[in-house]
Amino acid sequence: MPTRVLSGMQPSGVLHLGNLLGALDNFIRLQAEHECFYFIADWHALSTNFEDTSKIRFYVREMLLDWLAAGLDPDRSTLFIQSRVPEHAVLHLLLSMITPVPWLERNPTYKEKQENLEGRDLSTFGFLGYPVLQAADILLYKGDLVPVGVDQLPHLELTREITRRFNSLYKPIFPEPQALLTEIPKVPGTDGRKMSKSYHNTINLSDSEAQVRAKLKTMVTDPARVRRTDKGNPDVCPVFTLHKSVSPQAVIDRVNRECRTAEIGCIDCKKLASDAIVGRLTPIWENRRKLEQQPDRVEDVIEAGTARARAVARETIAEASEAMQI
Ligand code: SF4
């Protein structure tokens, strides 16, 4: 039996460079070695965006275009949308019956998000219970491996606890999913903070070349380097951090050397970073353009992926119901 990998992404914005380098590139690598199920987690997007759902469908379609354009291959990976497989909700309900509320309340991101996402009402049952939906997403396909960064390990541990509880209460039908620890590169946004849609500092996969270059021009640099003749310190400069994720080694070495001696100026340095990003995104832009000319292609991919996912999901629900004697 091949190892099954399970992962999803929330359609709560358009994909940016941080998503590409941190997650999507990894999805693409994994499909060469494993049987992969990748889904667009639109129900999860509701957990924090239930008040304004007007853009979710748009983000779902954009995400699919970006996935396909970046190289996810629907012949190798099962690509689908969570809400088109209602079995996710059925397993969520079954697992919610056995999940103690204190397990959810001690989830570290529960309180953190409530405090940090200002202006949102996160006192809902759906938000508290989203780790149960995550557990259902994984167990529905009996996922063996879940690619996660270190900060997401507590979520996976909760899924593993729910799995053990189900298996010991009823029948051991679910494998305990293992973490596939993924090193997530640091991708700074244009303001120097982590690239994130909530900070409005992103370089998006759907940006044009002109937009990418314009955004790079505004990116913050070593604050102590005010004049062209000042020597800089790349170790504290977000542009250099970006170089380390996107540029060839020769360029990284050059910037690291010439910034310290003021041989290179920030304008030229940023141009080199723009060139690297444009080089990385150009094939994605070309693929996107082709996909946009085939309006039925995305829907065909999703229909086929949903049919494959549902076949597995139905079997699991039948097995779980049998184990629970309902
Ligand atoms: S030359 Fe590059 S690395 Fe050095 S401060 Fe300017 S932008 Fe940053």
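Now for a description of the structure that goes with this document. Everything quoted here is computed from the prediction, not taken from an experiment.

### Thoughts on a nonpolar patch on the surface
Part 1 of the reasoning: A cluster of nonpolar side chains, V150, L153 and L181, forms an exposed patch at the surface whose accessible area comes to about 280 Å².
Part 2 of the reasoning: With respect to the helices and strands, the residue V150 is situated in the loop between strand 4 (145–148) and helix 9 (153–169).

### Focus on the packing of helix 1 (residues 17–30) against helix 3 (residues 56–70)
Part 1 of the reasoning: Orientation of helix 1 relative to helix 3, taken along the N-to-C sense of each, is 60°, at an axis distance of 10 Å. With respect to their mutual orientation, helix 1 and helix 3 come out oblique. Pair helix 1 / helix 3 crosses with right-handed handedness. Here L20, L24, F27 and I28 of helix 1 come into contact with helix 3, specifically with D66, W67 and A70.
Part 2 of the reasoning: Broken down by class, the residue content of the contact of helix 1 with helix 3 amounts to six nonpolar, no polar and one charged.

### Structural notes on the packing of aromatic side chains
A ring pair, where both rings are aromatic, is described by two values, the distance of the centres and the angle of the planes.
Part 1 of the reasoning: For the structure on display, the rule yields nine aromatic pairs.
Part 2 of the reasoning: Each ring, one from F58 and one from Y59, has its centre 5.7 Å from the other, and the planes form 55°; the classification is tilted.
Part 3 of the reasoning: Assessed through its relative accessible area of 17%, Y59 is described here as buried.
Part 4 of the reasoning: An aromatic cluster is present here, built from F37, F39, F80 and Y141 joined pairwise through their rings.
Part 5 of the reasoning: The aromatic ring of Y199 is capped on one face by R193, whose charged end is 3.9 Å from the ring centroid.

### Quick notes on the environment of G8
Part 1 of the reasoning: Along the chain, G8 falls in strand 1 (residues 4–9).
Part 2 of the reasoning: On the accessibility criterion, G8 (32% relative accessible area) is partly exposed.
Part 3 of the reasoning: Note: C-alpha distance between G8 and F50 (42 residues apart in sequence) is 19 Å.

### Considerations on the site of the ligand
Part 1 of the reasoning: In the neighbourhood of the ligand, the contacting residues comprise T221, D222, R225, C237, V239, F240, V255, C259, C266 and C269.
Part 2 of the reasoning: Listing elements by their share of the shell around the ligand, those giving two or more residues are helix 11 (238–246), helix 12 (249–260) and helix 13 (266–292).
Part 3 of the reasoning: Of the residues in the shell around the ligand, the class split is seven nonpolar, one polar and two charged.

Basis of the calculations
- Residues numbered from 1 in each chain as written.
- Predicted model: local features only at pLDDT ≥ 70, side-chain atom pairs only at ≥ 80, totals over all residues.
- Heavy atoms only, no water.
- Patch = residues over 30% accessible without salt bridge, like charges linked within 9 Å, V, L, I, M, F, W, Y side chains within 5 Å.
- Areas by Shrake-Rupley, 256 points an atom, 1.4 Å probe, with all protein chains shown as cover.
- Salt bridge = Lys/Arg side-chain N within 4 Å of Asp/Glu carboxyl O.
- Helix = DSSP H or I, 4+ residues; strand = E, 2+ residues; numbered from the N terminus.
- Axes fitted to C-alpha atoms, helices over the stretch in contact; angles between N-to-C directions.
- Parallel < 35°, antiparallel > 145°, perpendicular 65-115°, else oblique.
- Left-handed = near helix turned anticlockwise from the far one by under 90°.
- Contact = heavy atoms within 4.5 Å.
- Nonpolar A, V, L, I, M, F, W, Y, C, P; charged D, E, K, R; others polar.
- Phe/Tyr/Trp six-rings, centres within 6.5 Å; stacked < 30°, edge-to-face > 60°.
- Buried < 20%, exposed > 50% of the residue type's maximum accessible area, 1.4 Å probe, protein only.
- Lys NZ or Arg CZ within 6 Å of the ring centre and 35° of its normal.
- Near = heavy atom within 4 Å.

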